[in-house]
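The residues making up each chain are set out below.
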Amino acid sequence: VNLVETGGGLVQPGGSLRLSCDGSGIAFRYYTMSWYRQVRGNQRELVVSIPPSGSPTYVDSVKGRFTASRDNRAKTLSLQMTSVKPEDTAVYYCHAQWSKVGTYWGQGTQVTVSS
């Protein structure tokens, strides 16, 4: 297993949740790391992407609410979710891409925003 997500769960609207991705199974620092999410029946959506040494790029719907970060030494990718909304409910996936090797997906972690 190359990518392992943790931190999903149930959170109330307006609350916060932090997701983490353990990338210790890959040469983490060379990969563009991303978070995707998927609602059942819909296509997987890119939430945020961080190149190996660059800044995150967010989808408009999460700008100002979500903050992604990577620690190349610890080989971890994080997603701090704040002011969450019911429409943030989805399975969140960690994704790694390096053109020389290919791509990896985590198994996904469920985030449910509900009162």
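For the structure, check the block above.
The sections below set out a description of the structure shown in this document. (Residues numbered from 1 in each chain as written. Predicted model: local features only at pLDDT ≥ 70, side-chain atom pairs only at ≥ 80, totals over all residues. Heavy atoms only, no water.)

## With respect to the sheet that holds strand 7 (residues 66-71)
Right, on to step 1. One open sheet holds the four strands; their spatial order is 1-3-8-7, and the pairing between them is antiparallel. The open sheet has two free edges, formed respectively by strand 1 (4-6) and strand 7, since each of these has just one partner strand. Direction aside, the axes of adjacent strands within the sheet are offset by 15° on average.
Right, on to step 2. Where strand 1 lies against strand 3 (residues 17-22), three bridges are found, and the strand directions are antiparallel. Of the residues in strand 3, the one forming a bridge with Thr6 is Ser20. (Pairing = 2+ DSSP bridges. Helix = DSSP H or I, 4+ residues; strand = E, 2+ residues; numbered from the N terminus. Axes fitted to C-alpha atoms, helices over the stretch in contact; angles between N-to-C directions.)

## Considerations on the pattern of salt bridges
Right, on to step 1. Going through the model one piece at a time under the given rule, you end up with four salt bridges.
Right, on to step 2. A salt bridge links Arg37 to Glu45; the nearest nitrogen and oxygen atoms lie 2.8 Å apart. (Salt bridge = Lys/Arg side-chain N within 4 Å of Asp/Glu carboxyl O.)

## Looking at the environment of Arg73
Right, on to step 1. The topology assignment puts Arg73 in the loop between strand 7 and strand 8 (76-81).
Right, on to step 2. Given the relative accessible area of 82%, Arg73 is considered exposed. (Buried < 20%, exposed > 50% of the residue type's maximum accessible area, 1.4 Å probe, protein only.)

## Here we look at the packing of aromatic side chains
Right, on to step 1. Across all of its chains, the model carries five aromatic pairs by this definition.
Right, on to step 2. Taking the centre distance of 5.5 Å and the plane angle of 70° together, the rings of Tyr31 and Trp98 count as edge-to-face. Separated by 67 residues along the polypeptide, Tyr31 in the loop between strand 3 and strand 4 (32-38) and Trp98 in strand 9 (residues 90-98) bring together distant segments of the chain.
Right, on to step 3. Here the aromatic rings of Tyr93 and Trp105 are separated by 6.2 Å at their centres, their planes lie at 90°, and the arrangement is edge-to-face. Of this pair, Tyr93 sits in strand 9 while Trp105 sits in strand 10 (residues 102-105), and the two are twelve residues apart along the sequence.
Right, on to step 4. For Trp105, a relative accessible area of 38% gives the class partly exposed. (Phe/Tyr/Trp six-rings, centres within 6.5 Å; stacked < 30°, edge-to-face > 60°.)

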